[in-house]
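In case you want the letters, here they are:
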Amino acid sequence: MGRPPLIVDAGPLYAIFDVRDAHHGASRELLENHPGPLLVPMLVVAEVAYLMSTRLAPAAEIAFLGNLASGTYLPEPVDAPDWLRIAELVARYRDLPLGTVDASLVAAAERLGITTVASFDRRHLSVVVPSHATGFELLP
């Protein structure tokens, strides 16, 4: 059996590059020491790149892209069936509201059978009930 994968949301990824972020230390500890593959849904990649390009120096975004290229973080594509599931989740949780990026994270987790997610978005992800589990284990 391989190492358990971890799906990573934008918050922890951004925080490790921003030393002023309140979650910097916890994010760095988790992402540098987690034994499994670190999967980053493609829409989360876009969100992190945008946040870095608008809030941090270009070096942070370049380092993040380098981590994707080196395999430190593994981009997880949106499969064709995921789009319908994303739409279903956005509709079901419209009162949160659950946006497309968070819904893509849930859809990827469901497709891959993953229940552990690195995220600070407890307001959304603690409410969402994935199709394959009673809830997510949210780290850190």
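Structural data are supplied above this passage.
Residues numbered from 1 in each chain as written. Predicted model: local features only at pLDDT ≥ 70, side-chain atom pairs only at ≥ 80, totals over all residues. Heavy atoms only, no water.

### Here we look at the overall build of the protein
Condition: Strands here mean DSSP runs of E at least two residues long; helices mean DSSP runs of H or I at least four residues long; both are numbered from the N terminus. Burial here depends on accessible area, computed with a 1.4 Å probe over protein chains only, as a share of the maximum for the residue type. Under 20% is buried, over 50% is exposed, and the range in between is partly exposed. For every accessible area listed, the method is Shrake-Rupley and the probe measures 1.4 Å; residues are considered covered only by the protein chains on display. Positive charge is attributed to Lys and Arg, negative charge to Asp and Glu, and no charge count is given to His or to the chain ends. Note that the charge is assigned to NZ on lysines, CZ on arginines, CG on aspartates and CD on glutamates.
Each helix and strand counted, the protein has seven helices and five strands in total. Put simply, the protein runs from its N terminus to its C terminus through helices and strands in the order β-α-α-β-α-α-β-α-α-β-α-β. A principal-axis box enclosing the C-alpha atoms of the protein has dimensions of 40 × 35 × 30 Å. Per-residue burial for the protein yields a buried fraction of 44% across its 140 residues. As presented, the protein carries roughly 7100 Å² of accessible surface, and 59% of it is formed by carbon and sulfur atoms. If you average the places of the 10 positive and of the 16 negative side-chain charges in the protein, the two averages end up 3 Å apart.

### Observations regarding helix H5 (residues 80-92)
Residues spaced three or four apart along an α-helix point in a common direction, a consequence of the helix completing one turn every 3.6 residues. We apply this condition: Arc, as used here, means the arc of the directions from the helix axis to the C-beta atoms. It only takes one pair of heavy atoms within 4.5 Å for two residues to be counted as in contact.
Taken residue by residue, H5 has Asp-82, Arg-85, Ile-86 and Leu-89 as its buried positions. The buried residues of H5 occupy an angular sector of 110° when projected down its axis, which confines them to one face. Among the exposed residues of H5, those pointing more than 90 degrees away from its buried face are Ala-80 and Leu-84. Close packing links the buried residues of H5 with helix H6 (100-112).

### A few points about the packing of aromatic side chains
Any pair of aromatic rings gets described here by the distance separating the centres and the angle formed by the planes. Cut-off, in case you're wondering: Note on ring pairs: Phe, Tyr and Trp rings are taken, using the six-membered ring of Trp, and paired if centres are within 6.5 Å. Classes follow the plane angle, with under 30 degrees stacked, over 60 edge-to-face and the rest tilted.
By the definition in use, this model includes two aromatic pairs. Between Phe-17 and Phe-64, the aromatic rings sit 6.3 Å apart at their centres with planes inclined by 80°, giving edge-to-face as the arrangement. Linking Phe-17 in helix H1 (residues 10-17) with Phe-64 in helix H4 (residues 58-70), this pair joins segments that are 47 residues apart in sequence. Relative to Tyr-73, the ring of Phe-64 has its centre 6.2 Å away and its plane inclined at 40°; by these criteria the two rings are tilted. Accessibility classification places Phe-64 together with Tyr-73 in one group, the buried group. By way of ring pairs, the aromatic residues Phe-17, Phe-64 and Tyr-73 are connected into one cluster.

### What to know about the side chain of His-34
Here is the rule we go by: As used in this structure description, the phrase polar contact means that two N or O atoms lie within 3.5 Å; if the pair is within protein, one of them must be able to donate a hydrogen and the other to accept it, and residues adjacent in sequence are counted only when both atoms belong to side chains.
Relative to the helices and strands, His-34 is located in the loop between helix H2 (24-33) and strand S2 (38-41). Overall, the relative accessible area of 18% leaves His-34 in the buried class. From its side chain, His-34 meets the backbone nitrogen of Gly-36 in a polar contact 3.0 Å long. Dropping the residues within four chain positions of it, His-34 is found in contact with Pro-4, Pro-5 and Leu-6.

### Quick notes on unusual backbone geometry
Across the junction of Leu-96 and Pro-97, the peptide omega takes the value -10°, indicating a cis bond. Structurally, the position occupied by Pro-97 is in the loop between H5 and H6. Of the consecutive residues Leu-139 and Pro-140, the connecting peptide bond is found in the cis state with omega at -10°. Structurally, Pro-140 can be placed in the segment after strand S5 (137-139).

### Overview of the sheet that holds strand S4 (residues 116-118)
Where we set the bar: A pair of strands is treated as paired once DSSP finds two or more bridges between them. Every angle, taken between N-to-C directions, lies between 0 and 180 degrees, and every axis is a line fitted to C-alpha atoms, over only the stretch in contact when it is a helix.
Taken together, the five strands give an open sheet; going across it, the order is S3-S2-S1-S4-S5, and neighbouring strands pair in parallel fashion. Strands with a single pairing partner mark the edges of an open sheet, and in this sheet they are strand S3 (74-76) and S5. Across this sheet, the average inter-strand angle for adjacent strands is 35°, counted without regard to direction. Pairing analysis gives two bridges linking strand S1 (residues 6-8) to S4, with the strands arranged parallel.

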